[in-house]
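# A look at the structure
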Amino acid sequence: MTFGERYLREPTPEDVQRLLDENPERGFPGMLGSVDCMQWPWKNCPVAWQGTYRGSNNDFNVLAHSPLFDNMLKGVAPPCNYVINFHQYHMGYFLAYGIYPKLTTIVQAFCQTLEIPEYVRFNKYQMAKRKDVERAFGVLKGKFRIFVSPCKYWQQSDLNLIMKCCLILHNMIIEHERRDTDWGRVVPVLIPEPTNNGRVFMSSLKT
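Structural notes, computed from the coordinates.

What counts and what doesn't
Residues numbered from 1 in each chain as written. Predicted model: local features only at pLDDT ≥ 70, side-chain atom pairs only at ≥ 80, totals over all residues. Heavy atoms only, no water. Helix = DSSP H or I, 4+ residues; strand = E, 2+ residues; numbered from the N terminus. Buried < 20%, exposed > 50% of the residue type's maximum accessible area, 1.4 Å probe, protein only. Contact = heavy atoms within 4.5 Å. Areas by Shrake-Rupley, 256 points an atom, 1.4 Å probe, with all protein chains shown as cover. Salt bridge = Lys/Arg side-chain N within 4 Å of Asp/Glu carboxyl O.

## Section: the overall build of the protein
The secondary structure content of the protein amounts to eight helices and five strands. Listed N to C, the secondary structure of the protein is α-α-β-α-α-α-β-β-β-β-α-α-α in terms of helices and strands. Looking at the protein residue by residue over its 207 residues, the buried ones come to 32%. Contacts in the protein between residues at least 24 apart in sequence constitute 67% of all its contacts with a sequence separation of at least 6. Taken as a whole, the protein presents about 13,300 Å² of accessible surface, with 58% of it coming from carbon and sulfur.

Here's what the structure looks like:
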């Protein structure tokens, strides 16, 4: 078993159930996490590729080509059952800010609160919980200073390898510090390759 199969695996049913047990106490039953992107400039990006890797590769386009929702759409994602306001739901969701598309699996803050107390309160909680992913990126940059400066490597495969290596090391540290004791008892799951037709998959999730 390679390190990636253990430390970069997809969530197992046990992981999903743990999130479903934890997040109602935080005010968001059914939440699986938050969606955001971290920018890592590529200093030596070839000129012919700069239109792809500079500027246009924003949060929305990254999500459009991400395999994040593929298993949900294929019906093979771990079970995710919860109740909100006496309604039963069977698909988890992620918190995100307004740049992301309006999907059934993404919960955004209200763009116009009109000073309605319930809307204002919801936005306050939503933004507070969404800080988790921003803190995670901050921790990653704090541990691995290579992400602080533009990458000076020439090959795209090198960037991919460095990023995966740092993520694996980060999860190893969590296991070593015993902040997550579930790594060793889960069944490894193969990491899916990003799909080329992510936009087509996402279109079926639109509200």
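## A short note on the pattern of salt bridges
All chains considered together, the criterion is met by seven salt bridges. A salt bridge links arginine 6 to glutamate 175, with the shortest nitrogen-to-oxygen separation between them at 2.5 Å. With arginine 6 in helix H1 (residues 3-7) and glutamate 175 in helix H7 (residues 156-176), this pair connects stretches of sequence that are 169 residues apart. The partner of arginine 18 in a salt bridge is aspartate 15, and the shortest N-O contact between them spans 3.4 Å. One end of the pair is arginine 18 and the other is aspartate 15, both in helix H2 (residues 13-22) and three residues apart, which spans about a single turn. Each of Arg9, Asp15 and Arg18 takes part in a single network of salt bridges with overlapping partners.

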